[in-house]
Amino acid sequence: MEVLKGDALHSLQAKRLRWTVEQAGKVPFYRKMLQEAGVRPEDIRTVDDVQKLPFTRKTDLQGGYPFGFFAVPMKEVVRIHTTSGTTGKPTVVGYTRQDLDNWSELIARNLTMIGLTDEDVFQNAVNYGLFTGGLGFHYGAEKVGMTVIPSATGNTRRQIEMIDDFGVTAIHCTPSYAMHIAEVAEKEGTTLPTLATGIFGAEPWSDNMRRVLEGKLGVTAYDSYGMSEMYGPGAAFECPERNGLHIWHDMYLSEIIDPKTGEVLEPGERGELVVTPLVKEAMPLLRYRTGDITMFLEEECPCGRGMKIARLHGRSDDMLVIRGINVFPSQIEHVLRSVPEVGDEFLVYVDRVNHLDEMTIEVEMNRSAFRGELEDLTRTQNRVVAALKEALNLRTRVQLVEPESLPRYEGKAKRVIDRRGDDI
Amino acid sequence: MDVTKYTIKQISVFSENKPGRLAAIAGALEDEGINILAFSIAEANGFGVVRALVDRPDAAYKKLNAMGFMVSFTDVIAVKMRDVPGGLFEMARILSEAEINIEYSYAYSGREAAVLILRVDRVDAAVEKILARGGTLLSADEFS
Ligand SMILES: [Zn+2]
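Counting from 1, residues in each chain are numbered in the order their sequence is written. Both sets of labels track the order of writing: A upward for chains, 1 upward for ligands. A pLDDT threshold of at least 70 governs which residues receive local features in this predicted model, and a stricter bar of 80 or more applies before side-chain atom pairs are shown or counted, although totals over entire chains, interfaces and linings include all residues. The side-chain quantities take in all heavy atoms of the structure and omit both hydrogens and water.

- Chain B is annotated in an unreviewed UniProt entry as ACT domain-containing protein from Methanogenium marinum.

- Going by an unreviewed UniProt entry, chain A carries the name Phenylacetate--CoA ligase and comes from Methanogenium marinum.
- The record held by UniProt for chain A lists under Subunit (unreviewed entry) the comment "Monomer." UniProt positions are given in the numbering used here, feature names are shortened, and annotations may be inferred rather than shown by experiment.

## So, the packing of aromatic side chains
Next, step 1: Here is the rule: rings of Phe, Tyr and Trp (six-membered ring for Trp) pair when centre to centre is within 6.5 Å. Planes less than 30 degrees apart are stacked, more than 60 are edge-to-face, and the remainder are tilted. Applying the stated rule across the entire model yields 13 aromatic pairs over all chains.
Next, step 2: For the pair Tyr95 of chain A and Trp103 of chain A, a centre-to-centre distance of 5.2 Å together with 15 degrees between the ring planes defines the contact as stacked. Assigned by exposure class, Tyr95 of chain A and Trp103 of chain A land together as buried.
Next, step 3: An aromatic cluster is defined as three or more aromatic residues linked by ring pairs; in this entry it consists of Phe29, Tyr30 and Phe69 of chain A.
Next, step 4: A positively charged side chain is recorded as over a ring if its NZ (Lys) or CZ (Arg) lies within 6 Å of the ring centre. The angle to the ring normal must also be within 35 degrees. Just above the ring of Tyr104 of chain B sits the side chain of Arg51 of chain B; from NZ or CZ to the centre is 3.2 Å. Any residue under 20% of the maximum accessible area for its type is buried, any over 50% is exposed, and the rest in between are partly exposed; the area is computed with a 1.4 Å probe on protein chains only.

## Structural notes on the side chain of Arg79 of chain A
Residue and element names in this part refer to chain A.
Next, step 1: Summarising the element assignment, Arg79 is placed in strand β1 (residues 79-83).
Next, step 2: Residues scored as positive are Lys and Arg, those scored as negative are Asp and Glu, and His as well as the terminal groups of each chain are ignored. When a carboxyl oxygen of Asp or Glu lies within 4 Å of a side-chain nitrogen of Lys or Arg, that pair is called a salt bridge. We note that Arg79 is buried and unpaired, the nearest opposite charge coming from Asp101 at a distance of 9.0 Å.
Next, step 3: At 3.1 Å, the side chain of Arg79 and the side chain of His81 are in polar contact.
Next, step 4: Contacts: residue pairs with any heavy atoms within 4.5 Å of one another. Among residues more than four places away in sequence, those in contact with Arg79 are Val93, Gly94, Tyr95, Leu100, Trp103, Leu135 and Tyr139. Only DSSP runs of H or I reaching four residues or more are called helices, and only runs of E reaching two or more are called strands; each is numbered from the N terminus. Within 3.5 Å is the distance limit for a polar contact, defined as a pair of N or O atoms, with the added protein rule that one can donate a hydrogen and the other accept it, and that residues adjacent in sequence qualify only through two side-chain atoms.

## Remarks on the interface of chain A and chain B
Next, step 1: Taken together, the contact pairs 17 residues of chain A with 26 residues of chain B.
Next, step 2: Buried area adds together the accessible area that both of two parts lose upon being put together, with accessible area traced by a 1.4 Å probe. Here chain A meets chain B over a buried area of about 1600 Å², counting both sides, of which 54% is carbon and sulfur.
Next, step 3: The three residues of chain A that bury the most area against chain B are Phe370, Leu374 and Glu402 of chain A, which together make up 39% of that side's buried surface.
Next, step 4: Counting across the chain A and chain B interface gives two salt bridges.
Next, step 5: As a salt-bridge pair, Arg119 of chain B and Glu373 of chain A come within 3.1 Å of each other at their nearest N and O atoms.

## Regarding the coordination of the zinc ion
By definition of the ideal shapes, a tetrahedral metal site with four donors has angles of 109.5 degrees and an octahedral site with six donors has angles of 90 or 180 degrees.
All names here are of chain A.
Next, step 1: A donor here means any N, O or S atom no more than 2.8 Å from the metal (3.2 Å for Na, K and Ca); water is not included, so a site may seem to lack partners. Coordination of the zinc ion by the protein is provided by Cys239 (SG), His246 (NE2), Cys301 (SG) and Cys303 (SG), with metal-donor distances spanning 2.1 to 2.3 Å.
Next, step 2: In this structure, the zinc ion is surrounded by four donor atoms whose angles at the metal cover 102 to 121 degrees, and the resulting shape is tetrahedral.
Next, step 3: Going along the chain, you hit the donors of the zinc ion in the pattern C-x6-H-x54-C-x1-C. One end of the pair, Cys239, is in the loop between β8 (232-238) and β9 (245-247); the other, Cys303, is in the loop between β12 (288-294) and β13 (308-309), and 64 residues separate them in sequence.
Next, step 4: Judged by relative accessible area, Cys303 falls into the partly exposed class, the value being 29%. The rule is simple: four donors are tetrahedral if all their angles sit between 85 and 135 degrees, four are square planar and six octahedral if opposite donors span more than 155 degrees and the others lie between 65 and 115, and anything that fits none of that is irregular.

## Describing the domain arrangement of chain B
All names here are of chain B.
Next, step 1: What the domain assignment reports for chain B is domain 1 (6-74) and domain 2 (76-143).
Next, step 2: Each of domain 1 and domain 2 has a C-alpha centre, and the two are 22 Å apart.
Next, step 3: Taken together, the 14 residues of domain 1 in the interface contact 16 residues of domain 2.
Next, step 4: Buried surface at the junction of domain 1 and domain 2, both sides included, amounts to about 1400 Å², of which 66% is carbon and sulfur.
Next, step 5: Among the residues of domain 1 in contact with domain 2, Tyr6, Ile8 and Leu37 are the three that bury the most area, contributing 46% of the side total. Residue ranges assigned to the domains are those given by an automatic or database domain assignment.

## Description of helix α2 (residues 57-66) of chain B
Residues and elements named next belong to chain B.
Next, step 1: For α2, the set of buried residues is Pro57, Ala60 and Leu64. Angularly, the buried residues of α2 cover 60 degrees about the axis, an arc narrow enough to put them on a single face. Residues of α2 that are exposed and point over 90 degrees away from its buried face: Lys62 and Ala66.
Next, step 2: Against the buried residues of α2 lie β1 (8-16), α1 (21-31), β3 (47-54) and β4 (71-80).
Next, step 3: Of the residues flanking the end of α2, it is Gly68, one or two places downstream, whose phi is positive at about 100 degrees. To obtain the arc, one takes the directions from the helix axis to the C-beta atoms.

## Digging into the packing of helix α6 (residues 156-166) of chain A against helix α7 (residues 175-188) of chain A
Residues and elements named next belong to chain A.
Next, step 1: With their axes 9 Å apart at the nearest point, α6 and α7 run at an angle of 75 degrees to one another. The orientation of α6 with respect to α7, classified from their angle, is roughly perpendicular. Packed against α6, whose contacting residues are Thr156, Arg157, Gln159, Ile160 and Ile163, the element α7 presents Tyr177, His180, Ile181, Val184, Ala185 and Glu188 at the interface. Note on geometry: axes are lines fitted to C-alpha atoms, helical ones only across the stretch in contact, with angles between N-to-C directions running from 0 to 180 degrees. For this classification, under 35 degrees means roughly parallel, over 145 means roughly antiparallel, 65 to 115 means roughly perpendicular, and everything else is oblique.

## Some details on the sheet that holds β12 of chain A
Next, step 1: Should DSSP find at least two bridges between two strands, the strands are regarded as paired. The strand order β10-β11-β12-β14 (chain A) describes an open sheet built from four strands, whose pairing is antiparallel. A strand with exactly one partner marks an edge of an open sheet, and here the two such strands are β10 (252-257) and β14 (314-315) of chain A.

## Observations concerning the UniProt feature "domain: ACT" (unreviewed entry) in chain B
Next, step 1: UniProt tags residues 10-79 of chain B as "domain: ACT" (unreviewed entry).
Next, step 2: Annotated as residues 10-79 of chain B, this span is 30% helix and 46% strand, and its ends, taken at the C-alpha atoms, are 14 Å apart.

## Side note on unusual backbone geometry
Next, step 1: Note that the residue after Tyr65 of chain A, namely Pro66 of chain A, is joined by a cis bond; omega there is 0 degrees.
Next, step 2: You can see Pro66 of chain A is positioned in the loop between α3 (58-63) and β1.
Next, step 3: In this model, Ala152 of chain A sits at a positive phi of 55 degrees, which is unusual for a non-glycine residue.
Next, step 4: In this fold, Ala152 of chain A is placed in the loop between β4 (147-149) and α6.
Next, step 5: Positive phi is not limited to glycine here, since Glu99 of chain B has a value of about 55 degrees.

Shown next as structure tokens:
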């Protein structure tokens, strides 16, 4: 499947696309959308017919909260994951048993592609729980037959001890956590001799960072891409060439569009990645706008697999990735509206401190709420921190600032100052 | 008894902990010819409250507010300290016996004696108790 190309691939994609359109028709949102667009499943004969379909946006999915986009009865849904949304409510993603199989098969394909086997010991140092990176890689690695250590995150010294004591050969974590592990390991005086493979994803990382991580951890580092709407991680992955990511064309029909006009772009032209998953049962999606900016690479990969996409660094919207968690400035706005002592204006600073992302939010005080007492202010500050923790699942620093002291904008407000830079 | 006579208007100003804020407040008051008689700064995580007793609190409020500062009036009392050992302890005991909490205090060297500025949770009760126990309070007039 993974090396399928040309006509054989196109005919498989067309067949699966037709099935997906049929499956999507079981969702009221899509039934209406397809009706309005005048498209029936039998109108899908070639891959290019995908362009007859309208786009699906993240906000559409949120409108269906919680289960409005499920195309199967709840008893067929065997797992749920969620992902942060642009407002208070998350996006809920459902999986049938077949979906989970497809997904772990996909992860297994990626791991096998980079040479991992049942001889490997795999430490999965990412968040477990609702975040798809944990369970997704867990089951995929088990499928390969690897020895899986579900170490999750935190307690870095213990993580390092496990790598050494259990003879871990491959690790999966966010690139920033990998940097942290590398530093602590250095302090602990170990070179992590068994470690040979590093899989890093869930947040953008540069080639510069790759060199540093490979040097410090003694691994070959691979980039992994995906999002909950596409099952989770594993939708695209670097092969041993490590020059772009193979997006799996048998499972995802991908397009690159101009985010402003919606026009479909050619290989070599940078734009927004739009994905139509081809085998998703519980939650089919049509032309889902990922918001991620990339391009198809024109050159064929020496490994013989299909067309690759460039590594992903930018977003077409204002989403931030903080320690692997998606954050939309609109979520912060939503939280601030719920605290009457502060105003709506805010400014987010993102820094990388000791290789970990730190988010500082400057919030204007509400003039009428000030009674002159320091304790009131401290209480307000703590309240905002707690509300943000609740909504974003992230610890943030909150700075109270004077009313009307933050910059005002006529057009679109610039709410985020990302100071992490492109390097480490 | 007219307790309001002893209720003194302190101005409390929110200030970010960044250079120049205190100087801006002091400078603005000076420009208006307002005298700062006493002040203290309370700091927390990244911000603070500047508390000041001035000779013209209404003018100070107006000026700082117009400059964009967040200002509020806070009622405090001013106790003239007897220059004898244990004066402070005596005052604390009077208030604690009456179950009045001191939220904060700061000192000010008055014309004749040291003066303690007190922010308490029940101003009226504090004024009555202190006077009843022979303490001396400065009236608001003495600050203008
Ligand atoms: Zn390749």
